[in-house]
There are 2 protein chains.
Amino acid sequence: MKTTILTLVLGYAVAFSLAVRAQQPPADGPHYTNGTHLVRPSDYREWPFLGSGLGMTYDPAPGAQASRPQLFTNVFVNPSSHRSFMQTGKWPDKTVFVLEFRNAGSEASINKAGRFQTDLVALEAEVKDSRFPDGWAFFNFGNRDQAAPLTGSVVAACIDCHTKHTAVERTVVQFYPTLMEVARRLGTVKPGF
Amino acid sequence: MKTTILTLVLGYAVAFSLAVRAQQPPADGPHYTNGTHLVRPSDYREWPFLGSGLGMTYDPAPGAQASRPQLFTNVFVNPSSHRSFMQTGKWPDKTVFVLEFRNAGSEASINKAGRFQTDLVALEAEVKDSRFPDGWAFFNFGNRDQAAPLTGSVVAACIDCHTKHTAVERTVVQFYPTLMEVARRLGTVKPGF
């Protein structure tokens with residue numbers, strides 16, 4: 001009898017724990033101070049890497065490229081949202097994308113040509129979170145440990161581009177080759193893209 | 001009395017389990033068929049990303065660069081070895097590095113300049129494992145699910161370069177900015193590098 005009661009109690013405890021976990025936001029999702037200030041994720045370099053670019057610019061102005069240093073960009077996403085995307089081709093609520101900008105080195109050590117990544121020069125984030133009126137928000141950390149969501153004219157270009165020119169939802173999955181394969185297979189690429 | 005015995009049994013079981021785990025190779029370490037044929041890791045895109053390069057070549061021959069397409073390279077390492085390196089600045093036995101080569105796209109979608117990563121064109125690996133006479137081995141998967149360790153003249157250049165021109169052990173940590181910071185701080189950069 002004692003064993004039966006113990007088994008029942010343990011069973012209820014596990015079921016309750018799983019039910020609570022299903023309702024809770026993911027532990028690797030966005031964390032905020034002041035309600036909407038995103039805390040810089042401390043462990044994003046252990047998150048799944050989506051893709052790199054070098055010298056990418058969306059500015060069509062002549063000379064825009066020449067006047068800027070060529071930077072590498074790296075994009076990372078929180079692990080639970082990555083697993084979800086690989087199964088569904090969509091982003092769950094509470095997804096965090098971290099965008100690194102790094103200087104490009106060349107001709108150092110044994111490298112005779114080409115470029116490799118060096119020091120970090122900027123860190124930005126995009127979040128899908130229903131707490132924001134638009135459902136998405138953009139952040140620029142600079143050297144800070146937290147950042148308020150970008151607003152007004154600063155973010156207008158981000159929103160415009162991430163609405164009109166993105167392959168899946170508000171994200172540039174066209175530049176993330178392993179995700180683009182999944183989105184094509186599961187039919188989640190936006191119509192007209 | 002029954003409770004005391006149960007507690008003791010559980011305690012021994014946990015201690016035994018931990019002791020066995022400490023002696024076992026990491027679950028995310030190298031897996032082999034035929035003793036030394038490395039199985040292509042199925043989940044390496046969820047492993048920590050170390051760095052990207054574009055158009056990197058170690059070939060000093062004039063024109064070597066011009067005659068080749070500019071490829072992106074991405075390097076990933078198994079998670080348990082990454083955690084170990086961040087604490088010690090050294091690689092534990094059973095470390096796996098995966099090296100991706102990807103084509104570079106440009107001027108697609110909203111991107112007006114610069115390059116981004118597209119399809120996979122080659123996959124290689126380097127492993128630190130005491131089962132190999134040298135303690136290290138190199139693999140080229142091609143399109144296969146497993147690969148024999150490279151031998152003879154094919155691997156001679158790999159070994160020579162990864163012995164003479166690497167910042168930490170046999171690895172080009174000089175191209176992995178987050179690791180290079182750790183190696184400098186913990187004093188594990190090779191003398192003379």
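In this text the structure is predicted, and so the values were computed from the model without any measurement. (Residues numbered from 1 in each chain as written. Chains lettered and ligands numbered in written order. Predicted model: local features only at pLDDT ≥ 70, side-chain atom pairs only at ≥ 80, totals over all residues.)

Novice: Sorry if this is basic, but what is going on with the overall build of chain A here?
Specialist: Looking only at helices and strands, chain A features four helices and eight strands. A buried classification covers 32% of the 193 residues belonging to chain A. Taking all contacts inside chain A whose residues are at least 6 apart in sequence as the whole, residues at least 24 apart take part in 53%. (Helix = DSSP H or I, 4+ residues; strand = E, 2+ residues; numbered from the N terminus. Buried ≥ 20, exposed ≤ 12 C-beta atoms within 10 Å, placed from the backbone. Contact = placed C-beta atoms within 7 Å.)

Novice: What exactly am I supposed to notice about the sheet that holds strand E2 (residues 37-39) of chain A here?
Specialist: The pairing of strands in a sheet comes from backbone hydrogen bonds and takes either a parallel or an antiparallel form. All names here are of chain A. Read across the open sheet, the three strands follow the order E1-E2-E8; overall the sheet is antiparallel. In this open sheet, the two edge strands, each paired with only one partner strand, are strand E1 (32-33) and strand E8 (146-147). Taken together, the two bridges between E1 and E2 define a ladder with antiparallel strand orientation. Bridging across to E2, threonine 33 finds its partner in histidine 37. (Pairing = 2+ DSSP bridges.)

Novice: Sorry if this is basic, but what is going on with the environment of A:Thr33 here?
Specialist: Within the fold, A:Thr33 resides in strand E1. Residue classification places A:Thr33 among the exposed positions, given that 11 C-beta atoms sit within 10 Å.

Novice: Please explain the sheet that holds strand E8 (residues 146-147) of chain B as it appears in this structure.
Specialist: Residues and elements named next belong to chain B. Reading across from one edge, E1-E2-E8 is the order of the three strands in this open sheet, with antiparallel pairing throughout. Here the strands that pair on one side only, and so sit at the sheet edges, are strand E1 (32-33) and E8. Where strand E2 (residues 37-39) and E8 come together, two bridges link them in antiparallel fashion. Bridge pairing links valine 39 to glutamine 146 in E8.

Novice: Looking at this structure, how should I read the pairing of strand E3 (residues 49-57) of chain A?
Specialist: As a general feature of sheets, a regular strand has side chains that alternate between the two faces. Most of E3(A) sits inside the fold, with eight of its nine residues counted as buried. Relative to strand E4 (residues 71-77) of chain A, E3(A) runs antiparallel, the two sharing five bridges. Across the sheet, residue A:Phe49 finds its bridge partner in E4(A), namely A:Phe76. Relative to strand E6 (residues 113-128) of chain B, E3(A) runs antiparallel, the two being bridged by three bridges. Its bridge partner lying in E6(B), A:Gly53 is registered against B:Phe116.

Novice: Help me understand the pairing of strand E5 (residues 95-106) of chain A, please; the structure alone is not making it clear to me.
Specialist: Residue and element names in this part refer to chain A. Note that E4 and E5 share seven bridges and pair antiparallel. Along E5, the bridge assignment pairs valine 77 with phenylalanine 97. Sheet topology places E5 next to strand E6 (residues 113-128); eleven bridges connect them, and they run antiparallel. Bridge pairing in E6 links arginine 102 to leucine 120.

Novice: Could you clarify how one ought to interpret the environment of B:Trp47 in this entry?
Specialist: All names here are of chain B. Tracing the chain through its elements places tryptophan 47 in the loop between E2 and strand E3 (49-57). The buried category is assigned to tryptophan 47, around which 23 C-beta atoms lie within 10 Å. For tryptophan 47 and serine 80, which are 33 residues apart along the polypeptide, the C-alpha to C-alpha distance reads 9.5 Å.

Novice: What is the right way to read unusual backbone geometry from this model?
Specialist: Peptide bonds are, in most cases, trans, and in most cases residues other than glycine have a negative phi. Although it is not a glycine, A:Glu169 sits at a positive phi angle of roughly 55°. Tracing the chain through its elements places A:Glu169 in the loop between helix H3 (152-164) and helix H4 (177-186). Of note in the backbone geometry, B:Asn34 takes a positive phi value of approximately 55° without being a glycine. For B:Asn34, the location among the structural elements is in the loop between E1 and E2.

Novice: What's the story with the environment of B:Ser81 in this structure? I'm lost.
Specialist: Relative to the helices and strands, B:Ser81 is located in helix H2 (residues 79-88). For the pair B:Ser81 and B:Asp93, spaced twelve residues apart in sequence, the C-alpha to C-alpha distance is 8.5 Å.

Novice: When you look at helix H4 (residues 177-186) of chain B in this model, what are you seeing that I'm missing?
Specialist: Three or four residues apart is the spacing at which side chains of an α-helix point the same way, because the helix has 3.6 residues per turn. All of the buried residues in H4(B) are B:Pro177, B:Leu179, B:Met180 and B:Ala183. All buried residues of H4(B) project into a common sector of 150° when viewed along the axis, lining one side. Contacts from the buried residues of H4(B) go to E5 and E6 of chain A together with E3 and H2 of chain B. Just downstream of H4(B), B:Gly187 is the residue with a positive phi angle, here 70°. (Arc of directions from axis to C-beta.)

Novice: Help me out: how do you make sense of helix H2 (residues 79-88) of chain A in this one?
Specialist: Residue and element names in this part refer to chain A. Buried within H2 are the following residues: Ser81, His82 and Phe85. Taken around the axis of H2, the buried residues stretch over an arc of 105°, which confines them to a single face. Packing partners of the buried residues in H2 comprise E4, E5 and H4. Just downstream of H2 lies glycine 89, where phi reads positive at about 75°.

Novice: What should I look at first to understand the confidence of the model for chain A in this one?
Specialist: Looking at chain A, pLDDT values average 87 and 79% of them are 70 or higher. Here the predicted complex scores 0.86 on pTM and 0.85 on ipTM. (pLDDT = per-residue confidence, 0-100.)

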